[in-house]
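Listed below, chain by chain, are the residues.
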Amino acid sequence: MEKFKIGYLSLCMLLIFLGGCGWFGAQNKDAEQIPTNAEPALTAKADMIDTKGKEVGTVEFTETSEGVRIHVKMENVPKGEHGFHIHEVGKCEKPGFESAGSHFNPLDREHGFENPRGFHAGDLPNIAPNEDGKVDVVFLVKNITLQKDRENSLFDEDGSSVVLHEKPDDYKTDPSGESGARIACGVIESN
């Protein structure tokens, strides 16, 4: 029994010693910190308004190593599928949002994922609301960036916007996939 007490006491002293050396998460305040090279992700946001100027949601953009993650959260969206595109000008003047210009197209291609001469960098998948008129969808776009001074940057000299259309995009008809009138718009702004 005496050997057990001595062994136990020795183990306790060793643990106290190691604890003082930082083995259990203690840090020396004078120790040199190791810098990391990770930069914060570039982000942007568009506050969506309808043709009357009422806020109907947000679109958040996050630069990732695979492309730009786009998170669409909207409400009061009419039922059915709707074309959804990035447009070439960062301006949303009601009621028709024509100020947003054409689709974002820095590589001068034709419209549509199914067009052999397409697609625009601003072409995005159609979106549809649930039965309550809400949209909450995320997708990844590989042919755009939030990094300034890049050919495919959403932050060129006149900015960019995102537009919701009244009808679905057919993914092939130039210049806008027969998606109809613009029913919501948001200027993309860097966070």
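Residues numbered from 1 in each chain as written. Predicted model: local features only at pLDDT ≥ 70, side-chain atom pairs only at ≥ 80, totals over all residues. Heavy atoms only, no water.

**Things to note about the overall build of the protein chain**
Reasoning step 1: Each helix and strand counted, the protein chain has one helix and seven strands in total.
Reasoning step 2: Listing each helix as α and each strand as β along the protein chain from the N terminus yields α-β-β-β-β-β-β-β.
Reasoning step 3: Across the 191 residues in the protein chain, those meeting the buried criterion constitute 37%.
Reasoning step 4: Taking the intrachain contacts of the protein chain between residues at least 6 apart in sequence as the baseline, contacts between residues at least 24 apart amount to 61%.
Reasoning step 5: Roughly 12100 Å² of accessible area belongs to the protein chain as shown, and the carbon and sulfur atoms make up 51% of that amount. (Helix = DSSP H or I, 4+ residues; strand = E, 2+ residues; numbered from the N terminus. Buried < 20%, exposed > 50% of the residue type's maximum accessible area, 1.4 Å probe, protein only. Contact = heavy atoms within 4.5 Å. Areas by Shrake-Rupley, 256 points an atom, 1.4 Å probe, with all protein chains shown as cover.)

**Thoughts on the pairing of strand β3 (residues 67–74)**
Reasoning step 1: Where burial is concerned, most of β3 is hidden: six out of the eight residues are buried.
Reasoning step 2: Hairpin geometry of strand β2 (residues 55–64) and β3 is characterised by an intervening segment of two residues between the two adjacent antiparallel strands. (Pairing = 2+ DSSP bridges.)

**As for the side chain of H71**
Reasoning step 1: Secondary-structure assignment places H71 in strand β3.
Reasoning step 2: Here H71 falls in the buried class, since its relative accessible area comes to 14%.
Reasoning step 3: One polar contact links H71 to D136, side chain to side chain, over a distance of 2.6 Å.
Reasoning step 4: Dropping the residues within four chain positions of it, H71 is found in contact with T58, V59, E60, D136, V137 and V138. (Polar contact = N/O pair within 3.5 Å; in protein donor to acceptor, adjacent residues only side chain to side chain.)

**Considering the nonpolar core**
Reasoning step 1: The biggest cluster of nonpolar side chains holds 29 residues, and the ones touching the most others in it are F61, I70 and F84.
Reasoning step 2: Elements with a minimum of two residues in this core: β1 (43–50), β2, β3, β4 (84–87), β5 (135–141), β6 (161–165) and β7 (182–190).
Reasoning step 3: Counting residues per element, this core draws most heavily on β3, which supplies four residues.
Reasoning step 4: Setting aside anything within four residues of it in sequence, one finds F61 in contact with L42, T43, A44, K45, A46, V68, R69, I70, I86, L146, L154 and I188.
Reasoning step 5: Counting residues in each nonpolar core, the second largest holds six residues, with I49, C92, V163 and C185 among its members. (Core = buried A, V, L, I, M, F, W, Y, C linked by side-chain atoms within 4.5 Å.)

**Notes on the sheet that holds β4**
Reasoning step 1: Overall, antiparallel pairing links the seven strands, which are arranged β4-β6-β7-β1-β2-β3-β5 in an open sheet. Strand pairing shows two members of the sheet lacking a second neighbour, β4 and β5, which therefore form its edges. Strand-to-strand twist of the sheet, defined as the mean angle between neighbouring strand axes without regard to direction, takes the value 20°.
Reasoning step 2: Judged from the eight bridges that link them, β2 and β3 form a sheet pairing that is antiparallel. When the sheet's bridge partners are listed, E60 is paired in β3 with H71. (Axes fitted to C-alpha atoms, helices over the stretch in contact; angles between N-to-C directions.)

**Structural notes on the state of the cysteines**
Reasoning step 1: With the rule as written, the count across this model stands at one disulfide.
Reasoning step 2: Between C92 and C185 runs a disulfide, and the two sulfur atoms are separated by 1.9 Å. Handedness of the C92-C185 disulfide follows from its S-S torsion of about -60°: it is left-handed. Within this pair, whereas C92 is found in the loop between β4 and β5, its partner C185 is found in strand β7, the two being separated by 93 residues in sequence.
Reasoning step 3: Taking the relative accessible area as the measure of exposure, C92 reaches 16% and is therefore buried. (Disulfide = S-S within 2.5 Å.)

**Some remarks on the pattern of salt bridges**
Reasoning step 1: By the definition in use, this model includes two salt bridges.
Reasoning step 2: As a salt-bridge pair, K45 and D47 come within 3.7 Å of each other at their nearest N and O atoms.
Reasoning step 3: For K45, a relative accessible area of 30% puts it in the partly exposed group.
Reasoning step 4: A relative accessible area of 39% places D47 in the partly exposed class.
Reasoning step 5: We note a salt bridge from E110 to R117, for which the minimum N-O separation is 3.6 Å.
Reasoning step 6: A residue is classified by how much of its surface remains accessible, and R117, at 57% relative accessible area, is exposed. (Salt bridge = Lys/Arg side-chain N within 4 Å of Asp/Glu carboxyl O.)

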